[in-house]
Amino acid sequence: MRVYTGDAIRNVAVVGHGASGKTSLIDALAFVSGSSKRHGSVPDGTALTDYTPDEIDRQYSINLALAHVEWQQTKINLIDTPGYLDFLGDAIAGLYAADVALVVVSATSGVEVGTEKVWEFAAERNMPRMLFVSLMDKEHANFEKVFADIRDRITPKVVPIEVPVGEGPEFHGIINLFSKKCHMYKKGTKTGEFEEVDIPSEYQEIFEKYSEVLTENVAEVDDELIERYLEGEEISSAEALAAAKKGMAAGQIYPLLCGSATLTYGIRALLNKLKELVPAPTELQPRMGQVWGSAEEVEVVPTDDGPFVAQVFKTISEPHVGDVSLFRVWSGTVQNGAEELNGPRETTEKLNHLSVAQGKDREEIAELHAGDIGVVAKLKNTHTNDTLSSVDSPTVLPKIPFPGPLIVMAMEVSQRGQEDKLVMGLQKLHEEDPTFQHEYDSELRQTIVRGRGERHLEVIVGRLERKFGVKAQLTRPGIAYRETLAGKGEGQGKHKKQSGGRGQYGDCWVRIAPLPSGQGYEFHNKIVGGVIPGKYVPAVDKGIQEAAARGVVAGYQVVDFSVECYDGSHHSVDSSEQAFRMAGIQAFRNVARSCKPVLLEPIVEVEVWTPDDCLGDVMGDLSGRRGHILGSEPDKGLLKITARVPEAELYKYSTQLHSMTHGRGTFSWKFHRYERVPPDIAKEVAAERAKEKETANK
Ligand SMILES: Nc1nc2c(ncn2[C@@H]2O[C@H](COP(=O)(O)OP(=O)(O)OP(=O)(O)O)[C@@H](O)[C@H]2O)c(=O)[nH]1
Ligand SMILES: [Mg+2]
């Protein structure tokens, strides 16, 4: 592989809804360009960028993956991204590593939820975008309809620069609006070969209609051009193309192309347009970074001779290779074997075996220039989102904003003794995918895992087994219930044992009273006259806390109460700390029961975004989950509902919301406070807990 300088590089993230044909398109681009030896396919499990066992089994993309094509002295880096929203994190990482988003829209399904989502993310980053109508050969393909759909639902600034000749099984050519010529594909071609002909007369009208839209739109990019256009002057294809590039970079137009990855029709034209319309990294504005260790900002300029700055946008852990880091060079040039700095982790890393990736294959390369995308294995302590920079000019780039998790589950190992391996595996998987999180909850005694959806967590279970040999399963997560006391009480705790030799004697009297929510626990020593010697009072306190941790109603920790220890007695020989601790336990058990104990549950505040037409269903569902709706307001083109819902009722909510809103709804949540559980439900929780204890004791 030759070394490319920044001006001859293009970086394209291929994004879109699930099954829109992204992976197939990248495979076709790589094959037609000659950069890949075979034309792979997703159903056969041979696609260049769907190479992991997970992806081959499931026939859809799960991970971001890299490919590149060399086309007319230019290297086009292609980043394949998953369409399923469970794996949105990788789509976002792909967008952050690229300069242009190629949004793939199926010719039969048109704009879908995933299309809208990736469009929004690219828009937030102000990324230039182009669109590709895929699957043009498929039955019921309808270019005109998809174009209208994009215009109405995504952007009015979409401008077709190609028009298909025939659709579905009839699809056999593409009109190029810049060259005003038509490519007729050779039947049976495997590499997108075509014959260039004049536009067929029956397509003249369509050509003129679209041509006008194109010229008008690109002319508007340039004052001089629009003047000439309005005066009826001819605008050359070269001028139109240059204006289209400028307009695309500025977000004034979004070019639309079309084709079929299976038949390789339109693939050469797309390669040309990627080269011609996508800006080279060296043409881009500098990014802003921060000088490591100071608040000073620094421009990261995409030039070969600048100080080296690169960001890791994805890490993949491979069982026998260790971690593989995918990174984008934002400035400078890096040589194979160079030593670079990871400032925040206070480490330097040696970039041995510097490579570029073609699907699962890696090829070593002597150096990478500003704007290029590379791969390196076995970094010591560098993870997704870290910046590597030259030791002399330590820099940190802003982090990629990965979305937070939406679903919580518990995870158990199937075989005892694998717990440590589980933790290690989960940590590795978190490092390669920041949208996946895990922690051990010592109160629930469960490993809690969080992800973007059920499918996401199932994939994690699969990876644990394949990569780390840990068999695990997902279970329902426990809820951190609490208990508190609604009333006051007082009484005695006495521990007395006489069993030959030295006995045990502890005796205390306590008053217990509720405290306001969130106040915690207070202990007041009100002993007078040394009826309990000072050295034993802390033992009473300790005993009370121990008993409170075990609960009264259902075995959950009792919170928010105060204790006054006001009386008691002791024995000069038999009293001990241990005996007073036992007395404290007894006192709490005796008294708390009469203090109207109640069960508390965590309430979370959720924000749910839903399309208007699903509002009724979503509200109804929240109420059914014992939710209390606080209000709704328009937000981000949807309706945002704010509600408070018991955490116990939110199990698998993301799955339900997804199905109610056909994937268009999203939500986020945060802990609000503890509230009393209604009595009938409290009974069920207590019964459930008792059952758990019984099974645990068996
Ligand atoms: N007829 C036809 N089928 C295609 C074409 N491109 C892709 N397909 C099929 O459409 C299905 C989905 O294609 P993929 O390439 O996996 O789509 P994707 O966008 O990568 O999907 P995700 O990875 O799930 O986001 C596969 O069965 C492909 O074989 C095409 O041009 N024509
Ligand atoms: Mg795919």
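See the structure printed just above.
Conventions used here
- Residues numbered from 1 in each chain as written.
- Chains lettered and ligands numbered in written order.
- Predicted model: local features only at pLDDT ≥ 70, side-chain atom pairs only at ≥ 80, totals over all residues.
- Heavy atoms only, no water.
- Helix = DSSP H or I, 4+ residues; strand = E, 2+ residues; numbered from the N terminus.
- Buried < 20%, exposed > 50% of the residue type's maximum accessible area, 1.4 Å probe, protein only.
- Contact = heavy atoms within 4.5 Å.
- Pairing = 2+ DSSP bridges.
- Axes fitted to C-alpha atoms, helices over the stretch in contact; angles between N-to-C directions.
- Near = heavy atom within 4 Å.
- Polar contact = N/O pair within 3.5 Å; in protein donor to acceptor, adjacent residues only side chain to side chain.
- Areas by Shrake-Rupley, 256 points an atom, 1.4 Å probe, with all protein chains shown as cover.
- Nonpolar A, V, L, I, M, F, W, Y, C, P; charged D, E, K, R; others polar.
- Core = buried A, V, L, I, M, F, W, Y, C linked by side-chain atoms within 4.5 Å.
- Donors = N, O, S within 2.8 Å, 3.2 Å for Na, K, Ca; no water.
- Salt bridge = Lys/Arg side-chain N within 4 Å of Asp/Glu carboxyl O.
- Patch = residues over 30% accessible without salt bridge, like charges linked within 9 Å, V, L, I, M, F, W, Y side chains within 5 Å.
- Lys, Arg positive; Asp, Glu negative; His and termini not counted.
- Charge placed at Lys NZ, Arg CZ, Asp CG, Glu CD.
- Phe/Tyr/Trp six-rings, centres within 6.5 Å; stacked < 30°, edge-to-face > 60°.
- Lys NZ or Arg CZ within 6 Å of the ring centre and 35° of its normal.
- Parallel < 35°, antiparallel > 145°, perpendicular 65-115°, else oblique.
- Left-handed = near helix turned anticlockwise from the far one by under 90°.

1. Description of the overall build of the chain
Along the chain, the regular secondary structure elements total 16 helices and 37 strands. Projected onto its principal axes, the C-alpha positions of the chain cover 110 × 60 × 50 Å. Across the 698 residues that make up the chain, the buried fraction comes to 54%. Within the chain, contacts between residues separated by at least 24 positions form 72% of all contacts whose residues are at least 6 apart in sequence.

2. Looking at the sheet that holds strand β3 (residues 74-80)
Across the sheet, 7 strands lie side by side as β2-β3-β1-β4-β5-β11-β6; this open sheet has mixed pairing. Across the chains shown, the open sheet's two edge strands, defined by having one partner strand only, are β2 (65-71) and β6 (158-160). Direction aside, the axes of adjacent strands within the sheet are offset by 30 degrees on average. Summarising the sheet, β2 and β3 pair through 7 bridges and their orientation is antiparallel. Bridge pairing in β3 links L66 to I79.

3. Looking at the site of ligand 1
As a matter of local geometry, ligand 1 sits amid 20 residues, with K22, T23, S24, S61 and D137 nearest to it. In the model, an oxygen atom of ligand 1 is placed 3.1 Å from a nitrogen or oxygen of the S20 main chain. Between a nitrogen atom of ligand 1 and a side-chain N or O atom of T262, the distance comes to 2.9 Å. Relative to its free-state accessible area of 640 Å², ligand 1 is covered by the protein chains to the extent of 84%. Taken together, the residues that form the shell around ligand 1 break down as 8 nonpolar, 10 polar and 2 charged.

4. Observations concerning the side chain of T189
Looking at where T189 falls in the secondary structure, it is placed in the loop between β9 (181-185) and β10 (194-197). Within polar-contact distance, the side chain of T189 engages the backbone nitrogen of E193 at 2.9 Å. Setting aside residues no more than four positions away along its own chain, T189 makes contact with L263, T264 and Y265.

5. Examining the nonpolar core
In this structure, L29, L78, M130, L131, I150, I175 and L274 are the most contacted members of the largest nonpolar core, which totals 101 residues. In this view, I175 contacts I161, E162, V163, V165, K181, C182, I199, Y203 and F207; residues no more than four positions away in its chain are not counted. Judged by nonpolar contacts, the second largest core, of 26 residues, contains Y536, V540, F580 and A583.

6. Thoughts on the environment of Y185
Here Y185 shows up in strand β9. In this structure, the C-alpha to C-alpha distance between Y185 and Y265, residues 80 residues apart in sequence, is 6.6 Å. The contacts of Y185, once residues within four sequence positions are left out, are H172, G173, I174, G192, E193, F194, T264, Y265 and G266.

7. Concerning the coordination of the magnesium ion (ligand 2)
For the magnesium ion (ligand 2), the full set of protein donor atoms is T23 (OG1) and S61 (OG), and the range of their distances to it is 2.0 Å. Of this pair, T23 sits in helix α1 (residues 22-32) while S61 sits in the loop between α2 (53-58) and β2, and the two are 38 residues apart along the sequence. Here T23 and S61 have matching classes, each one buried.

8. Digging into the sheet that holds strand β24 (residues 395-396)
Spatially, β13-β12-β24 is the arrangement adopted by the 3 strands of the open sheet, whose pairing is antiparallel. The open sheet has two edge strands, β13 (297-300) and β24, and neither has a second partner. Relative to β13, strand β12 (residues 287-291) runs antiparallel, the two being bridged by 4 bridges. When the sheet's bridge partners are listed, Q290 is paired in β13 with E297.

9. A short note on the pairing of β12
Counted between consecutive antiparallel strands, the loop separating β12 from β13 contains 5 residues, among which G293 sits at a positive phi close to 90 degrees. Pairing of β12 with β24 involves 2 bridges; the strand directions are antiparallel. Looking at β24, one finds that Q290 is bridged to V396.

10. Concerning the pattern of salt bridges
One pass over the full model with this rule turns up 37 salt bridges. Across the pair D90 and K314 runs a salt bridge, and its minimum N-O distance is 3.0 Å. With D90 in helix α3 (residues 88-97) and K314 in strand β14 (residues 309-318), the pair connects residues that are 224 residues apart, well separated along the chain. Given the relative accessible area of 7%, D90 is considered buried.

11. Brief notes about a negative patch on the surface
On the surface, a cluster of negative charge is made up of E205, E208, E212, E216 and E220. The residue E205 is located in helix α6 (residues 204-219) in this model. The class for E205 is exposed, based on a relative accessible area of 67%.

12. Thoughts on the packing of aromatic side chains
Centre-to-centre distance and the angle between the planes together describe a pair of aromatic rings. Considering all chains together, one arrives at 14 aromatic pairs under this definition. Ring geometry for Y185 versus F194: centroids 5.9 Å apart, planes at 75 degrees, classification edge-to-face. Of the residues examined, Y185 reaches a relative accessible area of 8% and is grouped as buried. Relative to W669, the ring of F667 lies with its centre 6.0 Å away and its plane at 20 degrees, an arrangement referred to as stacked. Take W669: its relative accessible area is 26%, and that puts it in the partly exposed class. Linked through ring pairs, F171, Y185, F194 and Y265 together constitute an aromatic cluster. Above the face of the W119 ring, R129 is positioned so that its terminal group lies 4.6 Å from the ring centre.

13. Details of the packing of helix α14 (residues 615-624) against helix α15 (residues 653-660)
The interhelical angle for the contact between α14 and α15, taken along N-to-C directions, is 155 degrees, at an axis separation of 10 Å. Considered as vectors, α14 and α15 are oriented roughly antiparallel to each other. By crossing handedness, the relation of α14 to α15 is classed as right-handed. Contacts between α14 and α15 involve D617, V618, D621 and L622 from the first element and Y653, Q656, L657 and M660 from the second. Class assignment for the residues of the contact of α14 with α15 results in 5 nonpolar, 1 polar and 2 charged.

14. A short note on unusual backbone geometry
In this model, E346 sits at a positive phi of 50 degrees, which is unusual for a non-glycine residue. Along the polypeptide, E346 turns up in the loop between β17 (339-342) and β18 (347-350). In this structure, R445 takes a positive phi of about 55 degrees despite not being glycine. Counting through the fold element by element, R445 comes out in the loop between β26 (437-441) and β27 (446-451).

15. Describing the environment of R10
If you trace the backbone, R10 turns up in strand β1 (residues 9-16). Exposure remark for R10: the relative accessible area of 7% places this residue in the buried category. Distance from R10 to I76, taken between C-alpha atoms, is 4.6 Å for residues 66 residues apart in sequence. Sequence-distant contacts of R10, that is, excluding residues within four places in its chain, are made with T74, K75, I76, N77, L274, K275, V278, P279 and A280. Looking at R10, its side chain comes within polar contact range of the main-chain oxygen of K275, at 2.9 Å.

16. Comments concerning the packing of helix α12 (residues 537-549) against helix α13 (residues 577-592)
Packing of α12 against α13 brings their axes to within 7 Å, and their N-to-C directions diverge by 45 degrees. One way to sum up the angle between α12 and α13 is to call them oblique. Handedness of the α12/α13 crossing: right-handed. On α13, the residues that touch A539, V540, K542, G543, I544, E546, A547 and A548 of α12 are E577, F580, R581, G584, I585 and F588. Broken down by class, the residue content of the contact of α12 with α13 amounts to 8 nonpolar, 2 polar and 4 charged.

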